[in-house]
Structure formats: structure tokens, C-alpha cells
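# A closer look at the structure
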Amino acid sequence: MPAQHPPYDASADPLELTVVVPVYNEEEVLPLLVARLRPVLEATGAAYEVLAVDDGSSDASPVLLQRFRREWPALRVVRLRANAGHQAAISAGLVRARGRYVVTIDADLQDPPEAIARMLEVARTEEVDVVYGVRTDRSSDTAFKRSTARAYYRVMRGVSGRHVVDQAGDYRLMSRATVDAVNALPEQHRVLRLVVPTLGFPSAAVPYQRQARAAGTSKYPLRTMIGLTLDSLTGHSMAPLRLATWCGLLGGVAALGVLIYALVARALGAVVAGWTSTVVAVSAVGAVQLLCLGVLGEYVGRMYTMMQRRPTYYVAYDSLDADRAADRR
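Note that the structure is predicted; figures quoted are calculated from it, not measured.

Glancing now at the overall build of the protein chain. When helices and strands are counted, the protein chain shows 11 helices and 8 strands. Of all 329 residues assigned to the protein chain, the portion counted as buried reaches 44%. A separation threshold of at least 6 residues defines the contact pool for the protein chain, and within that pool the share at least 24 residues apart is 84%. For the protein chain, the accessible surface area stands at approximately 16,800 Å², while carbon and sulfur atoms represent 61% of it.

Here it is as C-alpha cells:
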């Protein structure tokens, strides 16, 4: 199960907009985020909340969030007991969001908060369920980041289908119906940038220029990017399994070719005693077998994890629950 708490009943405590912000060791950027996000949301005129999900930060981020909360009543803090990962933190926010519309945005300010107003306007005027923030300019990213991002979206669109929105990350607006549909999904290790498009709900896009990180360091190192890619491939496509099948077929064709060559060489008397060809053939076949076993292992591992039904995160604190308990007392 992806969460340990049922979703809040939005109709019991209605809000127009919830902004979910996953936070992990962002003490340097949080003051800048609050300074830019608050005026944007207040200018919309909508009843809103900002749901900051502290993903087990080890710096001063929790302290700063509590301080800002005293000055900004619309700020709501949810703290996870341990670091669960970026996608799990967003999922925790979606489960507890109360808004009719829910926006997810990272804390690093690479995705400009000012685009939220445009997303909300598009959702209202065009009556769509999802509004994707699409990065039309990534010149602020490194060449390596841009090239790997292009490769990622090209591969995902190739193996998962054309519904994957190119250059659309985790900056999006979703309707309450979309959020409820995502929360009802049983899968773990979900990659939301692929899950949301597969729902097929009516959507639109708002282009924006990706900016440089406002402060601090990236929380998406190469290891995390590779893990995200593996989750994307094994969670949303059968292509790796088909690749294993094709590797097996090609290996069989290669073995047949080697057999024909050996028979021809023997008939011509050109057989030379040696071990090189044997070692090469055995190594090639072994490599293909290990690759196929590895691909199968990834899928079996995901099935095993889902059968265990362990929550992907644990909520330690929700300021809304604390406020309600204080009111009851």
C-alpha cells in the first residue's frame, strides 16, 4: 500500500488550491521560496494551502518551516519519519491535500511559482483535469543534464507510448478527480510524471523557462536519476522483457552461425585447436543469460515489493492534525 492514512475528505474542509512542496535539506532555499510563492498564491484570490512535506531533512529545514508557519497561516507542514524519496514525498502530499486543484512543485525554484496562476487559469477556462508545466528552455541546466533528460523522455515515449508529455517533470496542476485517481492506484515506487499521463484525463500545457537552482545543491545525483529511470522502465513498460526475448533470439542465431562455421571449418580441414573461440562463445551466451535474468529480477522484485504491501512512507507529524487537536482541547 502506498500510504498509511486514507485521503482527507476534501468536501469536509474545502479549499480551491493546494500546493504540495517536497522538502529535503533545503534550508538555504526555503526563505527564497516563501518570498516568491506567497505573493503569487495570494494574487490568485483563491482559498489555498501550501503543504510542505519534509522528507526526513537533517538540516534546519524543519525549524524554518515551523517558523514560516507562524508567520504564514496557509503554510501546512507534514513531516515524514524518515527520508522516503522525492516521489514518495509528493505522494504523501497528494494523499493529504484538500484543494479542488493540487499543484506539485519542487522547492529549488527551478520551476517558477509564477506559472501557477497561469495553470489555474487554464484549468478553469479550458475545463481540463491536468495542466503540465513544460520546460521549453533548459539552458540553465548543464549539458549533461539536458542530454540525459532528452534521452530519458525519448526512451519513455518510445517504450511507454506517446501519451508521455515531453519535458514535463513533476511541476503540474491536477484536479481533485485526478488526485483521487492517483491516490487509488495500488502500485509502489510510482513515477508520477508517467503515472498521471497514463490516466488519459483531459490535459493542457503551460510552457515556461527552467531557471537555475536558487540556492543549495541538487538532490538528484546520478545514482538517483538512474534509479528513477529503472523505476520508469520496469513500472510502465514491458519493453525490457521483450528486449530479453530478443537477446535470447539473437543469441540463438549467433550460436547457429557459430555451429555452421564450425561444421564448414571441419569439412574443409581448417580446424585449429584452441580455446579462444570457445571462451568468446561461452562468455557471450553467459552475458545474454545474465542480462535476461537481471531484467526478470527487476520485475519479480517489484512484484515481491507489492505483495509485501509495506508503506512507502510514514507520517510523523501534520500541523493540521496538531491544530485540530489543540482546538478540541
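All right, on to the pairing of strand β3 (residues 75-80) then. Most of β3 is tucked away: 5 of the 6 residues are buried. Summarising the sheet, strand β2 (residues 48-54) and β3 pair through 5 bridges and their orientation is parallel. What sits directly across from D54, in β3, is R79. Each parallel crossover has a hand, and for β2 linked through helix α2 (residues 61-71) to β3 it is right-handed. Relative to strand β8 (residues 315-318), β3 runs antiparallel, the two being bridged by 3 bridges. The residue bridging V78 from the neighbouring strand is D318, located in β8.

So, about the confidence of the model for the protein chain. Here the protein chain averages 80 in pLDDT, while 68% of its residues score no lower than 70. Residue range residues 1-7 is modelled with pLDDT below 50. Its contacts to residues more than four positions away, or to other chains, number 22 contacts.

As a further point, take the sheet that holds strand β1 (residues 15-23). Overall, mixed pairing links the 8 strands, which are arranged β7-β5-β6-β4-β1-β2-β3-β8 in an open sheet. A single partner strand is all that each edge strand has here, and the edge strands are β7 (203-209) and β8. Pairs of neighbouring strands in the sheet enclose a mean axial angle of 20°, with direction left out of account.

The next point concerns empty space enclosed by the protein. Counted by the stated rule, this structure contains 1 cavity of 30 Å³ or more. Lining the largest cavity are V21, L30, L33, V34, L37, V50, A52, L65, W72 and L75. For the lining of the largest cavity, the secondary structure elements donating two or more residues are α1 (30-44) and β2. With 4 residues, α1 is the largest single contributor of residues to the lining of the largest cavity. For the lining of the largest cavity, the per-class residue count stands at 10 nonpolar, no polar and no charged.

Rules and cut-offs
- Residues numbered from 1 in each chain as written.
- Predicted model: local features only at pLDDT ≥ 70, side-chain atom pairs only at ≥ 80, totals over all residues.
- Heavy atoms only, no water.
- Helix = DSSP H or I, 4+ residues; strand = E, 2+ residues; numbered from the N terminus.
- Buried < 20%, exposed > 50% of the residue type's maximum accessible area, 1.4 Å probe, protein only.
- Contact = heavy atoms within 4.5 Å.
- Areas by Shrake-Rupley, 256 points an atom, 1.4 Å probe, with all protein chains shown as cover.
- Pairing = 2+ DSSP bridges.
- Right-handed = clockwise from strand over helix to strand, strands pointing away.
- pLDDT = per-residue confidence, 0-100.
- Axes fitted to C-alpha atoms, helices over the stretch in contact; angles between N-to-C directions.
- 1 Å grid on protein atoms, 1.4 Å probe; cavity = no way out; pocket = protein on both sides within 12 Å on 5 of 7 lines; lining within 4 Å.
- Points joined across faces, edges and corners; volume = space filled by probe spheres on them.
- Nonpolar A, V, L, I, M, F, W, Y, C, P; charged D, E, K, R; others polar.

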